[in-house]
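A closer look at the structure
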Protein chains: 4
Amino acid sequence: MADGVRAAVLGASGYAGGELLRLLAGHPSIEITVVAGRDAAGSTVAGSHPHLSALPSSSLVIEAIDTDAIASRADLVFSALPNGVSSTVVPALLGAGATVIDLSGDFRLEAAAYPEWYGFDHPAPAWLDEAVYGLPELFAERIAGAKLVANPGCYPTPVVLGCAPLLASGLIDGPIRVDGKTGLSGAGRARTDATLFTATEESIRPYRIPGHQHTPEMERALTLASGRAAAVVFTPHLVPTVRGVVTTSYATLGRGATTDALTACLAAAYAGCAFIRTLPPGGMVDSKRTRGTNVVELQAVADPRTGTAIVIGALDNLIKGAAGQAIQNANLVHGWPETTALPTIAVYP
Amino acid sequence: MADGVRAAVLGASGYAGGELLRLLAGHPSIEITVVAGRDAAGSTVAGSHPHLSALPSSSLVIEAIDTDAIASRADLVFSALPNGVSSTVVPALLGAGATVIDLSGDFRLEAAAYPEWYGFDHPAPAWLDEAVYGLPELFAERIAGAKLVANPGCYPTPVVLGCAPLLASGLIDGPIRVDGKTGLSGAGRARTDATLFTATEESIRPYRIPGHQHTPEMERALTLASGRAAAVVFTPHLVPTVRGVVTTSYATLGRGATTDALTACLAAAYAGCAFIRTLPPGGMVDSKRTRGTNVVELQAVADPRTGTAIVIGALDNLIKGAAGQAIQNANLVHGWPETTALPTIAVYP
Amino acid sequence: MADGVRAAVLGASGYAGGELLRLLAGHPSIEITVVAGRDAAGSTVAGSHPHLSALPSSSLVIEAIDTDAIASRADLVFSALPNGVSSTVVPALLGAGATVIDLSGDFRLEAAAYPEWYGFDHPAPAWLDEAVYGLPELFAERIAGAKLVANPGCYPTPVVLGCAPLLASGLIDGPIRVDGKTGLSGAGRARTDATLFTATEESIRPYRIPGHQHTPEMERALTLASGRAAAVVFTPHLVPTVRGVVTTSYATLGRGATTDALTACLAAAYAGCAFIRTLPPGGMVDSKRTRGTNVVELQAVADPRTGTAIVIGALDNLIKGAAGQAIQNANLVHGWPETTALPTIAVYP
Amino acid sequence: MADGVRAAVLGASGYAGGELLRLLAGHPSIEITVVAGRDAAGSTVAGSHPHLSALPSSSLVIEAIDTDAIASRADLVFSALPNGVSSTVVPALLGAGATVIDLSGDFRLEAAAYPEWYGFDHPAPAWLDEAVYGLPELFAERIAGAKLVANPGCYPTPVVLGCAPLLASGLIDGPIRVDGKTGLSGAGRARTDATLFTATEESIRPYRIPGHQHTPEMERALTLASGRAAAVVFTPHLVPTVRGVVTTSYATLGRGATTDALTACLAAAYAGCAFIRTLPPGGMVDSKRTRGTNVVELQAVADPRTGTAIVIGALDNLIKGAAGQAIQNANLVHGWPETTALPTIAVYP
């Protein structure tokens, strides 16, 4: 470990930060040298994450964010800072020579999209051109050696993985109507009326329609991956789970396309991918089987009656939808085996 | 009460049966004289439903189903028997002069649809022409005085209520892609691997795609209500709640249609309807607010970017999606006030 | 309704306040004329409680607390203000002639107990002697006509109801070790790390050991009801439900006492009590069956092997443990039928 | 792996069997050569446990139980067969030379206790004398080299770990009243009315009072570990979690014993134990922090007011309460590092 890559985790007190620290503890080539954040600066990792108290990193003190201090002690930075904050911190880290895997939405879009979808003007648009969209199963070659990786959002990951090959092959066409369901950990540790147990149990709640900021990310990544444009509309829903995202995407079915053809296309696209599990026709996707893992379950069904393709994806939003995918990207950046430190077997039930 | 209409509840041991018994206990014009069923015959109502032990009906013994015996002691029959069973029992009851509110799917479709969607040949197709589809807010006039009411399914109720006025007015066009989310009580008391607590907590699971039997019901009822045909594809999902259905329907937005226009159309269609709550733009539907009530929350949003209308509905599947709507239908059949014995205020949180 | 008793609800924006408003809407002799509170002053009832939007009271504006203004427009005040706040407001209301049902802990103990158990010096100790402890099944005679009723806590209610008759009859002796389990609504709408869905699902957490403020309330009420002193130690636990309290009390079994004797004692003590359901030996208490009702389930089991009596109680903490019991007390104060506006049948499942 | 110990897992289709297979996949010295069971014989491991489909063992076919066939291909047998079944299978395996870790209750008591507490006459009482009670933190020396280890129950594990050192040191005395709370996975995959999601959500249910079969196990193990007899009465409760057991034990506090003294005693007893986390006074036990791990959280509090010691323990019933502890025992039997293949960090939240 003494000669591992020195890594910093920013946003260390949040849920994604906690998962980064937990998973990185099992990474043979990474040494955590800095933990930093805005909310819990001054407390230890164990103070924010009592469940991590057995980890070596648990006694580290979360530092206030000082980019010079961080860059001098870390070569690789995982930033799990909030949207709108990360882009004020990351450029200085990059300028000081660090490699950055950014888990926020701040480097996933073109500059022009930020005012409408995120509500701010991007403070460092030049870096947007340098950022590589970090969906490893589709963009592994670009990720290798990248300086700045924009780690995808939890909803776009299953949507783009499921729809891009089908779009590229002409089996489906847009527009794509995406219906998302998520557990509460997607909201992080925010303490609001909406995140209380009392408000959440027995509640199914659509939210932020039709303006969720993951919409343009899906469109851009689908185009990038498939070479074809596809308009996306997206309706997310809160359901009473902690983890788990399921996306159900409705697209126009290509002429003559069958469930078998859709399934075969996905299977071929992800042959050899350790984290993609394509379900056969008749299989049943279950987000619970992905919990705690970096796995995505995919399934595609043709409904010729209505000319509809239904493309389903499921993942653990904190792992494949955040911390796990970030580590997968770091593995690709450094040329380590892609699966290093990433679980594939759920703790079930 | 002594001179109330004599009513029988069939399928009394199930969840819908229990809700019928609970709600009917507060109905001033109905007297429960018979409870019957297949599974729990010989036990008391309280044996199947300990939470009802304070009701007068709790000491009634659930009888085996004998249509003559039932028809001789009841003028109004609520049948909550399973799909495929109800149609073997209801015709004899009708023939003996009873009025029937049937909660199964057995009288909602045309005869030709049963083999494909329900897996059986309909045993009494002549009665299908007599059956009135019991969606009170749309078909009140036909329901008044009907002998056989086909009580709608839990998923079709919010879909048809939400989409029919928009379709009729030309604000939306088909095909309609319906994404449904439901709690576990929709599966009744079935004891399967899928209905266990251990399998359900932390699980989001799409199922029965694209062949759910509520699909043709939605198509038929939409046509009936709007005068226009619309193909429907439907993807239901299990989420970890007991009650609650939310349907999110994606349709093609009519040219120039806005969220305000959609909202105004729904508000006008259901002005004066005690059980419909149309949410304004920006409001957030929450199934939890409908729990224990006969209320449907509706909302419609236009996404001109993709030419999509998003139509959302939420209800309690055991009340407005089953027992409550059945009582609402009985009220209309008999000319009683439509809201008799039907709650509108949820027990929250 | 025009000639009903004019009532105010203080703390109207909280969960207990919401339940008071919901249940009082069905009370034929009470008219809600004032809603007031600290947190949501200026908003409407529907703003704080969207699920109540169909109630007449939903358009009332929550007022800041002005005791003169309240007392001039209300004869009966339900105070669901927090511990330590209610006692600064209630005396002025009493002084102005109002009758008060106080749901806080501020009038349940002797003055000397407040610094240790509640952390404040009582601001109006003279009123403590006037306050009647409002456990209707045990103190109905004192409650009739009272000016100030101290509505019991959610945990003490089942403990005292279960243990007092057994203690009085000598079937059990102290000390009594009380193990409590509660859902999250007991914490009200507090937004803390501990009340988040993410922290609560899959979590069983004992808390505040051994200093929970309901401990001296149990001791005092048991003594008052049984004529015998009994020391109590109490360990509450949070479990992932919204509603529901179950208390399991361990006492020393009287010589020769049997399960049948314990059961018979409870059955006799509460014969004719509409809200007490004493379970027979072998029955299984279930908090879910009390949800939304004013019912308490009680059960007592003798374990002669260890000389232990196990006394179990279950209730809905927001109804029989708060708002419902408060209305039951108001009914007794005014001589109305005790069960007015109080449900006994749960919405299940 | 080729030269690992050959191991069989019996009861492979259940939850404990699934956890054994998951955890053993990470064990460097064990090779799974046989999976067998009663319920799912003929199907593959992946058929019973889809979440394990990425494991090498997932393609193994679950065999019917043939003791000769098993013993010829496995040197170490983990039996997760049901109570009353394991004791009909294990003796033949032992006779054929296998080492057995038995997860049932069939080898934990004296023969005389089985009729009363388990409802059957023990078929192989001679083996009861050979069985070592497998609570590693207390009996490591006996476990090393044992042929038959009786793996402790989920409830007795935290009770005995928490109370034995305090009893041995005279800080507490019996009788011990144990209040247990458990999630639903403790019931395994049983499909009953009680294990449905609909019955479990919003439900707190005491059960099997006072005759739960873990009662005599607690008594026997406490005596064995402390050298002192202590009568135990036990009241388990179902709460709506999948995993997690919390036990709250009420004992008589030794004269002058303080919370600090109790805490120090536990800390000293388990110094150096990798899986025991003793919480300081004021700390809050949380079962969620043990989920997926082999960790037990312990805490002890003195209440001098009532002369009560409160001893709390929490664990994951499928890991430290079943499969994890079984592997820990196997590690001790074979002289491997005790922590091999056993996680200590929870996946949280």
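As shown above, the structure is provided for reference.
Residues numbered from 1 in each chain as written. Chains lettered and ligands numbered in written order. Predicted model: local features only at pLDDT ≥ 70, side-chain atom pairs only at ≥ 80, totals over all residues. Heavy atoms only, no water.

1. Quick notes on the sheet that holds strand β3 (residues 76-79) of chain C
Residue and element names in this part refer to chain C. Stated formally: Paired strands, as defined in this entry, are two strands with at least two bridges between them according to DSSP. What counts as a helix is a DSSP run of H or I of at least four residues, what counts as a strand is a run of E of at least two, and both are numbered from the N terminus.
The strand order across the open sheet built from six strands is β2-β1-β3-β4-β6-β5, with neighbouring strands paired in parallel fashion. The sheet terminates laterally at β2 (30-36) and β5 (132-133), the two strands that pair on one side only. With six bridges joining them, strand β1 (residues 5-10) and β2 adopt parallel strand pairing. In the sheet register, alanine 8 faces β2, and the bridge partner there is valine 34.

2. Here's the deal with the interface of chain B and chain A
This is how it is decided: Only heavy atoms enter the contact rule, under which two residues are in contact if any of them lie within 4.5 Å. Salt bridges are counted wherever a side-chain nitrogen of Lys or Arg sits within 4 Å of a carboxyl oxygen of Asp or Glu. Counted as a polar contact is a pair of N or O atoms within 3.5 Å, where, for protein atoms, one must be capable of donating a hydrogen and the other of accepting one, and residues adjacent in sequence contribute only when both atoms are in side chains. By the convention adopted, Pro, Cys, Tyr, Trp, Phe, Met, Ile, Leu, Val and Ala count as nonpolar, Lys, Arg, Asp and Glu as charged, and the other residues, Gly among them, as polar.
Taken together, the contact pairs 52 residues of chain B with 52 residues of chain A. Remark: the boundary between chain B and chain A carries six salt bridges. Lysine 181 of chain A is the partner of aspartate 179 of chain B in a salt bridge, and the nearest nitrogen-oxygen pair spans 3.0 Å. Run the count over chain B and chain A and you get 30 residue pairs in polar contact (both at pLDDT 80 or more). Going through the elements one at a time, β7 (172-182), α9 (197-200), β8 (205-206), α10 (214-226), β9 (232-238), β10 (245-253), β12 (296-303) and β13 (308-315) of chain B are the ones with two or more residues in the side of chain B that touches chain A. Of the residues in the side of chain B that touches chain A, the class split is 26 nonpolar, 13 polar and 13 charged.

3. Examining the pattern of salt bridges
Residues and elements named next belong to chain C. Note the cut-off: Classification of residues uses two cut-offs on accessible area relative to the type maximum, computed with a 1.4 Å probe and protein chains only: under 20% is buried, over 50% is exposed, and between them is partly exposed.
Taken as a whole, this structure holds 60 salt bridges over all chains when the rule is applied. The salt bridge involving arginine 228 is made with aspartate 173; its shortest N-O contact spans 2.3 Å. Here aspartate 173 lies in strand β7 (residues 172-182) and arginine 228 lies in the loop between α10 (214-226) and β9 (232-238), a separation of 55 residues in the sequence. With relative accessibility at 27%, the residue arginine 228 sits in the partly exposed group. With a relative accessible area of 30%, aspartate 173 lands in the partly exposed category.

4. Description of the relation of the copies chain D and chain A
Rules: Overlaid copies result from least-squares superposition on C-alpha atoms, with residues included only where pLDDT is at least 70 in both.
After a rotation of 180° and a shift along the axis of 0.0 Å, chain D superposes on chain A with an RMSD of 0.0 Å. Classification of the inter-copy transformation places it as that of a two-fold axis. A shared binding surface is used by both copies, with 100% of the interface residues of chain D retained as interface residues in chain A.

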